[in-house]
Amino acid sequence: MSKEDLRKVLTIRVGSLKDLVRLAMTYATPSQTIFLLKFYEGDKLVVGLLGLFRDYYKFYGLPILYYHICSDDEKEKVVNANYIIASTSDGERIEFSKTPKPGMSIPLITFAEKPPIIPSLE
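Described in the following lines is the structure provided in the data block. (Residues numbered from 1 in each chain as written. Predicted model: local features only at pLDDT ≥ 70, side-chain atom pairs only at ≥ 80, totals over all residues. Heavy atoms only, no water.)

### Details of the overall build of the chain
Link 1 in the chain: For the chain, the count of helices and strands is 2 helices and 7 strands.
Link 2 in the chain: Written out in order from the N terminus, the α and β elements of the chain read β-α-β-β-β-α-β-β-β.
Link 3 in the chain: Its C-alpha atoms give the chain a radius of gyration of 15 Å, within 12% of the compact-globule value 14 Å for 122 residues.
Link 4 in the chain: Along the three orthogonal principal directions, the C-alpha set of the chain runs to about 45 × 35 × 25 Å. (Helix = DSSP H or I, 4+ residues; strand = E, 2+ residues; numbered from the N terminus. Rg over C-alpha atoms; globule rule 2.2 N^0.38 Å.)

### Comments concerning the pattern of salt bridges
Any two side chains of opposite charge can pair if their charged atoms end up close together.
Link 1 in the chain: Within this structure, the stated rule accounts for 5 salt bridges.
Link 2 in the chain: Between Arg22 and Asp19 there is a salt bridge, with its nearest N and O atoms 2.6 Å apart. Linking Arg22 with Asp19, this pair stays in helix H1 (residues 17–27), spanning 3 residues, or about one helical turn.
Link 3 in the chain: Lys101 is the salt-bridge partner of Glu95, the closest N and O atoms lying 3.2 Å from each other. (Salt bridge = Lys/Arg side-chain N within 4 Å of Asp/Glu carboxyl O.)

### Topic: the side chain of His68
Link 1 in the chain: Tracing the chain through its elements places His68 in strand E4 (residues 61–69).
Link 2 in the chain: A polar side-chain atom of His68 sits 2.7 Å from a polar atom in the side chain of Glu74.
Link 3 in the chain: Each residue touching His68, except ones within four places of it in the same chain, is listed here: Val14, Ser16, Leu17, Leu20, Leu45, Val46, Val47 and Glu74. (Polar contact = N/O pair within 3.5 Å; in protein donor to acceptor, adjacent residues only side chain to side chain. Contact = heavy atoms within 4.5 Å.)

### Section: the nonpolar core
Nonpolar side chains in soluble globular proteins generally cluster together in the buried interior.
Link 1 in the chain: Counting 19 residues, the largest nonpolar core has Leu20, Leu36, Val47, Leu49, Val78 and Leu108 as the members making the most contacts within it.
Link 2 in the chain: Looking at this core, the elements with two or more residues in it are H1, strand E3 (44–54), E4, strand E5 (83–87) and strand E7 (104–110).
Link 3 in the chain: A total of 4 residues in this core trace back to one element, the largest contributor, which is H1.
Link 4 in the chain: Ignoring any residue separated from it by four or fewer positions in sequence, one finds Val78 in contact with Leu17, Lys38, Leu45, Val47, Cys70, Phe96 and Leu108.
Link 5 in the chain: Of all hydrophobic cores here, the second largest spans 9 residues; its members include Val9, Leu37, Ile118 and Leu121. (Core = buried A, V, L, I, M, F, W, Y, C linked by side-chain atoms within 4.5 Å. Buried < 20%, exposed > 50% of the residue type's maximum accessible area, 1.4 Å probe, protein only.)

### Structural notes on the sheet that holds strand E6 (residues 93–97)
Link 1 in the chain: The strand order across the open sheet formed by 7 strands is E1-E4-E3-E2-E7-E5-E6, and the pairing between neighbours is mixed. Of all the strands in the sheet, just strand E1 (10–13) and E6 have a single pairing partner and so form its edges. Adjacent strand axes in the sheet meet at a mean angle of 30°, parallel and antiparallel pairs treated alike.
Link 2 in the chain: With 3 bridges connecting them, strand E2 (residues 36–41) and E7 associate as parallel partners. Following the sheet pairing, Leu36 is matched in E7 by Leu108.
Link 3 in the chain: Taken strand by strand, H1 contacts E2, E3, E4, E5, E6 and E7, and its axis lies near 35° from that of E3. (Pairing = 2+ DSSP bridges. Axes fitted to C-alpha atoms, helices over the stretch in contact; angles between N-to-C directions.)

### Observations regarding the side chain of Glu74
Link 1 in the chain: Its location among the elements puts Glu74 in helix H2 (residues 72–79).
Link 2 in the chain: Setting aside residues up to four positions removed in sequence, Glu74 forms contacts with Leu17, His68 and Ile69.

Here you go:
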């Protein structure tokens, strides 16, 4: 199948990186781990979550990329991290880490290039 024949995912931009992490936390279950992907589109660093909106009308599922474009302040932290650690024990908090830590450790997977199923993002 050529790149032109691939169907693109629906893209939804979230309000903040914390919103994306919160969404990722809702997808995770004890038997299903979750990860966030990161890639560049031009000079923009994108962090995203691929999901599936199941049983959308007559479709088997609607593939969705929920994404956030990192600000300059976030970019360095995200580039240097392998995990986002989410903690709700004393308020809502996220931190960036090279290794897993207590709390929910969400792996960040770096893609060498943007996958062809993802359309141009803003």
